[in-house]
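Now for the letters of each chain:
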Amino acid sequence: MMCDFLFSLVCTGEIFELKAELNSDKKEKKKEAVKKVIASMTVGKDVSALFPDVVNCMQTDNLELKKLVYLYLMNYAKSQPDMAIMAVNTFVKDCEDPNPLIRALAVRTMGCIRVDKITEYLCEPLRKCLKDEDPYVRKTAAVCVAKLHDINAQLVEDQGFLDTLKDLISDSNPMVVANAVAALSEIAESHPNSNLLDLNPQTINKLLTALNECTEWGQIFILDCLANYTPRDDRESQSICERVTPRLSHANSAVVLSAVKVLMKFMEMLPKDLDYYGTLLKKLAPPLVTLLSAEPELQYVALRNINLIVQRRPEILKHEMKVFFVKYNDPIYVKLEKLDIMIRLASQANIAQVLAELKEYATEVDVDFVRKAVRAIGRCAIKVEQSAERCVSTLLDLIQTKVNYVVQEAIVVIKDIFRKYPNKYESVIATLCENLDSLDEPEARAAMIWIVGEYAERIDNADELLESFLEGFHDESTQVQLQLLTAIVKLFLKKPTETQELVQQVLSLATQDSDNPDLRDRGYIYWRLLSTDPVAAKEVVLAEKPLISEETDLIEPTLLEELICHIGTLASVYHKPPSAFVEGSRGVQHKRLPGSAGSGESVESPDTGSAAGVSEAPPAVIPSQGDLLGDLLNLDLTPPTTTGPPPPASSGMQMGAMDLLGGGLDSLMGTGFGAPPAAMPASFNVPVSGGLDDLFDLGGGVGMPMGVFNPPKTVWLPAMKAKGLEISGTFVRRAGVIQMEMTLTNKAMSVMTDFAIQFNRNSFGLAPAGPLQVLTPLSPNQSIEAALPLSTVGPVMKMEPLNNLQVAVKNNIDVFYFSCQYPISMLFAEDGKMERQVFLATWKDIPNDNESQFQIKDCHLNSDAASNKLQGSNIFTIAKRTVEGQDMLYQSMKLTNGIWVLAELRVQAGNPNYTVSTCATVSALDGLCLAYKFCMTNPEP
Amino acid sequence: MILQQQISVELNMRNSPSDPPCQSALFKGGHQNITFHQHVNPSQFIVWELLQDGPICRRLFSNSGNFWHTGTISCNIPELAAEMIHSLFLINHSGDIFLEKHWKSVISRSVCDYFFEAKEKAVDPENVSPVLQTPHHYLITIYRDKLFFLSVIQTEVPPLFVIEFLHRVADTIQDYFGECSESVIMDNVVTVYELLEEMLDNGFPLATESNVLKEMIRPPTILRSVVNTLTGGSNVGDTLPTGQLSNIPWRRAGVKYTNNEAYFDVIEEIDAILDKSGSTVFAEIQGVIEACVRLTGMPDLTLSFMNPRLLDDVSFHPCVRFKRWESERVLSFIPPDGNFTLMNYHVSSQNLVAIPVYVKQSITFFEMGPCGRLDITIGPKQTMGKTVEALMVTIHMPKAVLSANLTPTQGNYTYDLATKVLVWDIGKLNPQKLPNLRGSLSLQAGAPKPEDNPSLNIDLKIQQVAISGLKVSRLDMYGEKYKPFKGVKYLTKAGKFQVRT
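Residue numbers here run from 1 along each chain, matching the order of that chain's written sequence. Chains and ligands are labelled by the order in which they are written, letters from A for the one and numbers from 1 for the other. Local features are withheld for residues below a pLDDT of 70 in this predicted model, meaning they are given only at 70 or higher, and side-chain atom pairs are given and counted only at 80 or more; totals for whole chains, interfaces and linings count all residues. Side-chain numbers here rest on the full set of heavy atoms in the structure, without hydrogens or water.

A word on the overall build of chain A
- Think of it this way: any DSSP run of H or I at least four residues long counts as a helix, any run of E at least two long counts as a strand, and we number them from the N terminus. A count of helical and extended segments in chain A gives 42 helices and 13 strands.
- It only takes one pair of heavy atoms within 4.5 Å for two residues to be counted as in contact. Long-range pairs, those at least 24 residues apart, make up 68% of the contacts in chain A between residues at least 6 apart in sequence.
- Shrake-Rupley sampling with a 1.4 Å probe provides the accessible areas, and residues are treated as covered by the protein chains on show and by no other component. Put simply, chain A shows about 36,600 Å² of open surface, and 51% of that area lies on carbon and sulfur atoms.

If you want it as C-alpha cells, here you go:
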C-alpha cells in the first residue's frame, strides 16, 4: 500500500510499535496505545502517519477511547482529508446515540474537523441536534453552527441554521441562550451587514433574564452583546443598568469588566441630575478597586481600562487614589500603569500624598519606573498649580542625589515647568547649571540648552556654557543641534555685543557644515533675519510662547468614546480603535456612546457625529457595470411569488423582507450607536446638483393629500439604456411611510418578468421595505404602476449629493442601474416637534458653523399659512414672534435618522421673499433650502 | 452583492518571501479568479500574501510547481477565521514548551519566539507583559507556579476572558493533581489534554466548574487506577453531569454523606505600605471566605454576619443569591459540593485598617568605607489580643551588598548572594522580648553608596481573628432535615505588606 510505503519512510521504532499496539485485539492495549499517540501529539511530535490505525479504533463503546480518537482526529483530519471521510459514518451514527453526552461530543468534534467534504455530512445531524430534547446537546450544537459558518458560511445560510440559531435565543435554558448569543455574535462580526442580532426590547429582556442564570462565560457573551444595544430612552437605559449592576459583584473579573462597559455606555443616556445616576457612579468604584487585588495579569488589563474610565469620568475614582499606590513587588507593567493613573487622578486635594509617593518611587531600582516617576512629578506641577512650588523643590532634591538618569529626567521636566510658569522658578537655574557636564542624553541636553538660551540674560556665563556645547556640534543629535542654534541666536539678541562671534560660528556650522536640511534651513532663516531686520528677528525669535497644555497623553475625545464602547477588549488594552488591528474581513464598526437625554440635544451630540465614522465611508462612486453585475449575480434576487399585500412598514417586518432580498440589514441596526448621524458628513458644502433642480423644477405639481410636497414623476431609467425597460418615478411620504412610486413601461418586443430591486447604501439608509410588487408579466408596450414602501434602516453611506440614491433593477433580461435623488423633505418625521425649552437649549448649543441661510423668493403666503403648509410636510412651528413687522417662525424637523434641524423663518409683510436660517445638530445640510422651497411652493392641499 | 460591504484583501505577489512585491491588487475574500501579468522565473515559486488592515492577518500560500507568464488562476482567499483561544502552549521556567493544544488549526511553536524575546528583555519572569502583539497574533500569558500559560489568539477577544480562563486551567490542574508543575502535567498529559478539550470548545468555555469536570473526567487516584486496571474501567464518565444544565450547575444531584459538615474559613490578607516613620501610607484588607461543604441532598444555607456593613466590595460565587445580599446582607445559597470560594471581599482604605505589628528599622550605608549597618526591631501593635505567628522579614538589598554579618535575638536569617535577598525567619512574636536583628553589611569594594533604599516585606499570621473585625453570627440550613456539623475559622495574614526605609 502507498500508505505503508510512506509510513516506512517516517517510521521510527516507536511509531512502528504503536502501530502494532493500535491494531491489537485487546481493548486495554488499544486504549493505552491511543493514549501514547495523544501524548506524543501534545508535545508536538508528528504522529499523523498513524491516522488509519487510530481511526480504526473509533468504533467502540468505550467513551474514553472514543474521546481520545476524536482528539486525534481534530488535530490531523485537515492533513488527511480523504482518510477523515472514513470517520463520517461513525460520527453520523454517534449523533443518534441515546446518550446525550455522545451526541454532543460527535457534533462538537465534527464541527472541529475543517474538511469540506465532512461538513456536507454534518448538516443533517446538526439540524437534529439544534432541536435535540437535551439542552446540553442544543448548546453544543449552537456553537457548532458558528464553527460551520467559519468553514462554509454559504452552507450555513442555505441550510437555514441562522434562523434556528435565532430561535435558540428564546430557549428555555439559559446556557443554550448564552451559547446562541455567543455564536450569533461571532457570526455577526464576520457579517457586518447581516441582521443577525436583532436587538429589540423583547430580545433584550430575554437576554437579561438569561444573564442571571447562565454560567460566568455566558454572562460575558451576553453582556458584550447588550453593550451593542442602544436603548430607546433614558428609562429603558436605567432599567437595563439596574439589571446589570449585580454583575459587578461577580467573582469573574471578565464579567465585572463587561458589566462596567455596559454601564459606562448606558450611563451616557441618563440625565445627570437623576438620583440613580449618582448611585450608579458610586457603585462603579468598588468593583474597579477590587479588580486591582486580583492576579497581576488581570490587574494590568483592568488598569488599562481604568485609565480610559478616569479620562471619561474622573469622578468615579477620584477618592480612590491610594489603591493606585505602587507596591514594591508589583510587576513593572503594573507599576507603570498605576503611575499613569495616579497622575490623571492628581488634584489639589490629594497632591501632597501623590508627591510624597512619587518622591519615594524616584528612589527605586527600576530605571524605567524611576524615570517615569520623575516625569510624573513634573506633570503634577503643571497640572496642579498650587503644588508647583513643592514639585520644583522635590525635583531639586532629586537632582541633589546626582543619580545620572534622575538628574536628566528632572531637567527635562523642569523645562516644561518653566514654560508653564514663566518668571517664577528661575532661581533654580544655577543648580541646574551645575549638572551640565553629567548630561549625556539628547533630550536632557536639549532641555538644558533651551533653558540657557531662554534665560540667557540672567545667566552670567551663558555664552561660555553654550560655547562649551558648540565644540562637539557635529556629534550632537539633531534635536540638540537645533536647540543650540536657537539658543545662541536668542543669546545674541539679548546680549548682542559679546556674542557676535559665537553666533557667526553657529550659523556657519549650521548652514555650511551640516547635511541636515532642517538645521540648514533654520540656520539660513536666522541668518537672513538677523542680517536684514534685527528688530523683526527679535520679535520672531523671542516671541511669547503659547502655553503648554495641562494634561499630556490625553486620548482624543472621539477615540476615547469609541474605546469606552470597547472596554474589556484588546482595543482597550492597546488604546487603539479596533479597526487598527481587527482584520478587515470583520466589519469595522465604529461604536459611539449614545447621546445623553434631557440635555436638550438630539440623540447625537454634534461633536460625536463626525470624524471617524464618516471618514470610513468609501467615496460614493457608482461602481462600474461589470463589478455590479458580478455582485448582483451572486445574490439570489428571487422575484416575489406571494400575492399578499405589501408588508406594512413596521420595522420588524422590514427586516424580514430585507432578508428575503439577501442583502441583510445594516450593521448599524445591530450596534446602532446613533450611527446614522455619524454617516452625515461633518461639513457638506457641495452644492446640490442640477439634477435636483430638474427634479423639482415645477412650481405646481400634482395635487396631493395631506399637503405634503410630492414632486412629479420623472424618467429615471430611459428605455434605450435598459433594453426596453423605462422607469419613471417619484418619492412620496404617506402616513409616515416613504414610498417610491414608479411607472415601469415595457418598450421592448418581449415580455418582461421577474422584477426585483435593490438599493445601494445611501446617506439615510433608505432600503426597500418589501419586494417590488410587479406580479404580472409586463407585456410589450404595457405600463404598470408600482409603489415600493421604503424603510430607513438600511446600510448607510454618505452619498454625493446627499440625497442621491443608486438603484439596481433586475428583470428576466438583465440588471440595470440608475441613480435618482429624493427630496430631503421626505425624511422629515412625524414626531419632529421639539419641546419649546429643548428647542431653546438646542438652538444655543449648535455651533455657528452648522448654520446656513437662504432666501425663498416670490412666496405670497402669510406666516400662518406658511406655517400650516409646512406642518403638512412635517416642519413644525414651535414658536412665533413678531418683531418690527417681521414674523419670526421657529421651526423644528427631525430626519428619520434622528438628526434634528432647527429653523428660523422670517416673513416680512408685503415682501414676497422669505429668509430662512437653519441649523442642524450635525452640520449644515444641503438640500434643506430646496426642501423648504418646495414645501412652501407646493399648491394648497 | 452590491449591498454587502466589500471585503477587500490586498494580494501581493512576490518571487520569494524577501522580495518586494512585484504585483499587488485588492481582492475580496472567497473564491476568486485572479488574472495577472507577471513574468515568473520558473525556478522560483510565487508567494501569495494576503495583507489586510491589521498586521495580524497575513497569510502566505505558496504555489510551487506551476508557473505562469500571464493567465488566470482560481484561488480561494480565506476569509479569516474567528475563535477565542486558538492555541495554548505551556512553557516552563527555562523556556521549554512542554505541552501544546490547538483548538483549531495547528500553529507553529515558533510563534512563542516573540514571547521568549519579551521574556529575555524583562529579566524577571514576573515582568513579562501579559499581552503581547506579534505580527500575526496576540499572545496572552499568565505566569503561575513557575509556569507560563501562553495562549495564542487571532481576533478581538476580551483579554480578561482569556486570562481568567487560563487561571481556571491552572486551578483545575492544581485541583486534579494536587500541584501545578511540569512533572505532574507530563505524568498526566492525556488527562490534561482531555480536560482542556472539555473546558473549551471552539473558544467557548464549556465546563469549567470543577464539580462538573470531575464527573466527566475523574481525577486520578491510586485506588481508581488499580480498579481500572483490573476491570478495564475508564477515567471518563459516560453520563452527562447532572449539574451541567440545571439551574444550579455547580452542584450535582444525589450527594450523600454519612457525616454532614460545613466549614468556613474567613481568611484576610492585609495589604499595606508603611513609610519610614511607621505611619500608614496605604492599607486595605482583602478577604476571602473559603468553604468546605459536605452535605447530603440539596441543602439551602444562609450565612449571616455580625457586621456586614464593614465590607466595601464583595464578589460572590455564582451560587449566592445577590438579591438577598442587597436587601438583607446575608449570604443565601445552595452550596457546591466540596471545596469552593464562597466570596471575596474588600475592606478599603476608607476604613481604618488595624496594623498588627510595628517595625523599627535603620539601614544605613556609610559614605566612608565599604560597609553599612542594619538594625531592625519588630513589636506588636494592634493584634486584637492574639499572638502573631510565622513572622518573617524579607529585604531586597541593593546590588552592591556583598554579605551580611548580623545577629538575631530570635529566629535565624539567610542572605542569598545571587538574588540579594535577606530573609529573617522569626516565628512567634513574643511581646515581652521583642525580636531584633542587627549587625553590619559589607559592600563591594569601590562600589558607590547605594542609591536605592531597600524595602522590607513582612509576612505574618494571626490565628482566630479576622483583622477587619468581620464575624459570622450564624449559619442556618433549610431544605434538609439532618443536623450538620458547622464550623468557622478565622485567619489573618500579611498580603503585600511593605515597610519603606
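Considering helix α8 (residues 100-112) of chain A
Residues and elements named next belong to chain A.
- To estimate the expected span of a helix, count its residues, drop one, and scale the result by 1.5 Å. Here α8 contains 13 residues, and its C-alpha end-to-end distance of 18 Å stays within 8% of the 18 Å for a straight helix at 1.5 Å per residue.
- In this scheme, a residue with accessible area under 20% of its type's maximum is buried, one over 50% is exposed, and one in between is partly exposed, where area comes from a 1.4 Å probe on protein chains only. Of all the 13 residues making up α8, 13 are buried; the element is thus mostly covered by neighbouring parts of the structure.
- In this structure N99 caps α8, since a side-chain oxygen of it lies 2.9 Å from the backbone nitrogen of L101. For the purposes of these results, a polar contact is taken to be a pair of N or O atoms within 3.5 Å, where, inside protein, one atom must be able to donate a hydrogen and its partner to accept one; residues adjacent in sequence count only when each atom of the pair is a side-chain atom.

Comments concerning empty space enclosed by the protein
- As defined here, a cavity is a set of points on a 1 Å grid over the protein atoms alone where a 1.4 Å probe fits but cannot get out. A pocket is an open set with protein on both sides within 12 Å along at least five of seven lines, and residues line them when an atom is within 4 Å of a point. Grid points are joined across faces, edges and corners, and a volume is the space filled by probe spheres set on the points. By the definition in use, this model includes 16 cavities of 30 Å³ or more.
- By volume, the second largest cavity amounts to about 140 Å³.
- Together, 13 residues line the second largest cavity, and Y328, E360 and E364 of chain A together with N453 and S455 of chain B are the ones closest to its centre.
- The set of elements that each furnish at least two residues to the lining of the second largest cavity consists of α21 (351-361) of chain A together with β29 (485-500) of chain B.
- For this classification, the nonpolar set comprises Ala, Val, Leu, Ile, Met, Phe, Trp, Tyr, Cys and Pro, the charged set comprises Asp, Glu, Lys and Arg, and every other residue, Gly included, is treated as polar. Counted by class, the lining of the second largest cavity contains 4 nonpolar, 5 polar and 4 charged residues.

A short note on a negative patch on the surface
Residue and element names in this part refer to chain A.
- In this scheme, patches are assembled from residues that exceed 30% relative accessible area and form no salt bridge. Like charges are connected within 9 Å, while nonpolar side chains (Val, Leu, Ile, Met, Phe, Trp, Tyr) are connected within 5 Å. Think of a salt bridge as a Lys or Arg side-chain nitrogen and an Asp or Glu carboxyl oxygen that are within 4 Å of each other. Positive charges are assigned to Lys and Arg, negative charges to Asp and Glu, while His and the chain termini are left out of the count. In this description, the location of a charge corresponds to atom NZ of lysine, CZ of arginine, CG of aspartate or CD of glutamate. On the surface, E464, E467, E471 and E501 cluster together into a patch of negative charge.
- Assignment of secondary structure puts E464 in helix α27 (residues 462-470).
- E464 gets classed as exposed once you look at its relative accessible area, which sits at 53%.

Structural notes on unusual backbone geometry
Residues and elements named next belong to chain A.
- Residues other than glycine seldom take positive phi values, yet K402 does so here, at roughly 65°.
- Structurally, K402 can be placed in the loop between α23 (388-400) and α24 (404-420).
- Here H575, not a glycine, exhibits a phi torsion of approximately 55°, which is positive.
- Counting through the fold element by element, H575 comes out in the loop between α33 (570-574) and α34 (611-616).

Describing the environment of Q311 of chain A
Residues and elements named next belong to chain A.
- Structurally, Q311 can be placed in helix α19 (residues 296-312).
- On the accessibility criterion, Q311 (14% relative accessible area) is buried.
- Once the C-alpha coordinates of Q311 and R344 are considered, the two residues, 33 residues apart in sequence, prove to be 7.5 Å apart.
- Filtering out sequence-adjacent residues up to four positions away, Q311 remains in contact with R344, L554, I555 and L560.
- Here N307 takes part through its side chain, which lies 3.2 Å from a polar atom of the side chain of Q311.

Regarding the confidence of the model for chain B
Residue and element names in this part refer to chain B.
- The predictor reports its confidence for every residue as pLDDT, a score running from 0 up to 100. Averaged over chain B, the pLDDT score is 77; the fraction of residues at 70 or greater is 77%.
- For chain B, the element scoring lowest by mean pLDDT is strand β5 (residues 59-63), at 35; strand β16 (residues 300-305) scores highest, at 93.
- In the model, residues 14-82 has pLDDT below 50 throughout and makes 181 contacts with residues more than four positions away in sequence or in other chains.
- Interface confidence for the predicted complex, expressed as ipTM, amounts to 0.72; the pTM equals 0.65.

Quick look at helix α3 (residues 27-42) of chain A
- Here α3 of chain A is 16 residues long and its end C-alpha atoms lie 23 Å apart, about the 22 Å a rise of 1.5 Å per residue gives.
- Taken together, the buried residues of α3 of chain A touch α2 (13-22), α4 (51-56) and α5 (63-76) of chain A together with β8 (97-102) and α4 (189-199) of chain B.
- In the stretch just after α3 of chain A, G44 of chain A is the one whose phi turns positive, near 95°.

A short note on the pairing of β16 of chain B
All names here are of chain B.
- Within β16, 6 of the 6 residues are buried, which leaves it mostly tucked inside the rest of the structure.
- Relative to strand β18 (residues 330-333), β16 runs antiparallel, the two being bridged by 4 bridges. Following the sheet pairing, L301 is matched in β18 by F333. Here a strand pair is declared whenever DSSP counts at least two bridges between the two strands.

Regarding the sheet that holds strand β22 (residues 388-396) of chain B
Residue and element names in this part refer to chain B.
- Read across the sheet, 9 strands follow the order β17-β19-β15-β14-β29-β27-β22-β25-β24 without closing on themselves; strand pairing throughout is mixed. Looking at which strands have only one partner, the edges of the open sheet turn out to be β17 (313-316) and β24 (412-416). With strand direction ignored, the average angle separating the axes of adjacent strands in the sheet is 15°.
- Here strand β14 (residues 261-274) pairs with β29 via 13 bridges, running parallel. From the neighbouring strand, Y263 faces β29, where its bridge partner is G487. Axes here refer to lines fitted to C-alpha atoms; in helices the fit is confined to the stretch in contact. Angles between the N-to-C directions go from 0 to 180 degrees.

What to know about the packing of aromatic side chains
- A pair of aromatic rings is counted whenever rings of Phe, Tyr or Trp (Trp by its six-membered ring) have centres within 6.5 Å, and the orientation is called stacked for planes under 30 degrees apart, edge-to-face for over 60 and tilted otherwise. Within this structure, the stated rule accounts for 22 aromatic pairs over all chains.
- Here F731 of chain A and Y822 of chain A contribute two aromatic rings whose centre-to-centre distance is 5.8 Å and whose plane-to-plane angle is 70°, an arrangement assigned as edge-to-face. With F731 of chain A in strand β2 (residues 725-734) and Y822 of chain A in the loop between β8 (815-821) and α40 (836-845), the pair connects residues that are 91 residues apart, well separated along the chain. Each member of the pair, F731 of chain A together with Y822 of chain A, is buried.
- Where Y143 of chain B meets F148 of chain B, the ring centres are 4.6 Å apart and the plane angle is 40°; that geometry is what we call tilted.

So, the sheet that holds strand β23 (residues 401-408) of chain B
All names here are of chain B.
- Read from one edge of the open sheet, 4 strands run β20-β21-β26-β23, paired in antiparallel fashion. Only two strands of the sheet have a single neighbouring strand rather than two, namely β20 (357-365) and β23. If you compare each strand with its neighbour and ignore which way they point, the axes differ by 15° on average.
- Note: β20 against strand β21 (residues 371-380), 9 bridges, orientation antiparallel. When the sheet's bridge partners are listed, F365 is paired in β21 with G372.

Things to note about the pattern of salt bridges
- Under the criterion given, the structure shown has 46 salt bridges over all chains.
- E328 of chain B is paired through a salt bridge with R324 of chain B; the nearest N and O atoms lie 2.9 Å apart. Placement of both E328 of chain B and R324 of chain B in helix α7 (residues 322-328) is noted, with a separation of 4 residues, approximately one turn of the helix.
- According to the relative accessible area criterion, R324 of chain B is partly exposed, its value standing at 28%.
- Residues joined in a network through salt bridges with shared partners are K67 and R108 of chain A together with K101, E197 and E198 of chain B.

Observations concerning the environment of M752 of chain A
- In this structure, M752 of chain A sits in the loop between β3 (737-746) and β4 (756-759).
- Here the alpha-carbon distance between M752 of chain A and G724 of chain A, two residues 28 residues apart in the chain, equals 9.6 Å.

Details of the confidence of the model for chain A
Residues and elements named next belong to chain A.
- On average, residues of chain A carry a pLDDT of 76, and 81% of them reach 70 or more.
- Counting contacts from residues 582-588, a segment whose pLDDT is below 50, to residues more than four positions away or on other chains yields 24 contacts.
- Segment residues 597-707 is flagged for pLDDT under 50; beyond a separation of four residues in sequence, or across chains, it makes 219 contacts in the model.

What to know about the nonpolar core
- The definition of a nonpolar core used throughout is a set of buried Ala, Val, Leu, Ile, Met, Phe, Trp, Tyr and Cys residues joined through side-chain atoms within 4.5 Å. Core analysis: the largest hydrophobic core is formed by 277 residues, its most contacted members being Y72, L126, V244, L317, F324 and F418 of chain A together with F149 of chain B.
- Where each domain starts and ends comes from a domain assignment, either automatic or drawn from a database. Both of domain 2 (85-208) and domain 3 (261-353 + 467-499) of chain B provide at least three residues apiece to this core.
- Sequence-distant contacts of L126 of chain A, defined by excluding residues within four places in its chain, comprise V107, A141, C144, V145, L148 and F161 of chain A.
- Grouped together as the second largest cluster of nonpolar side chains are 74 residues, V357, I363, L441 and Y490 of chain B included.

A closer look at the pairing of β29 of chain B
- Sheet analysis places strand β27 (residues 455-463) of chain B next to β29 of chain B, joined by 6 bridges and oriented antiparallel. Note on β29 of chain B: the bridge partner recorded for I462 of chain B is T492 of chain B.

Examining the packing of helix α17 (residues 253-267) of chain A against helix α18 (residues 275-291) of chain A
All names here are of chain A.
- In contact at an axis separation of 11 Å, α17 and α18 are set at 155° when each is read in the N-to-C sense. Between α17 and α18, the angle falls in the class roughly antiparallel. In this structure, α17 meets α18 at a crossing whose hand is left-handed. Of α18, the residues touching α17 (which contributes S253, V256, L257, V260, L263, M264 and M267) are Y277, L280, L281, L284, P287, L288 and L291.
- Each residue belonging to the contact of α17 with α18 can be placed in one class, and the counts come to 13 nonpolar, 1 polar and no charged. Each angle gets one of four labels, with under 35 degrees taken as roughly parallel, over 145 as roughly antiparallel, 65 to 115 as roughly perpendicular, and the rest as oblique. Crossing handedness is read from the near helix: turned anticlockwise from the far helix by less than a right angle, it gives a left-handed crossing, and turned clockwise, a right-handed one.

With respect to the packing of α27 of chain A against helix α28 (residues 478-494) of chain A
All names here are of chain A.
- The contact between α27 and α28 brings their axes to 11 Å, and the two run at 155°. Overall, the two elements α27 and α28 adopt an arrangement that is roughly antiparallel. In this structure, α27 crosses over α28, and the sense of that crossing is left-handed. Across the interface between the two elements, A462, D463, L466, F469 and L470 of α27 pack against L484, A487, I488 and L491 of α28.
- Residues that form the contact of α27 with α28 fall into these classes: 8 nonpolar, no polar and 1 charged.

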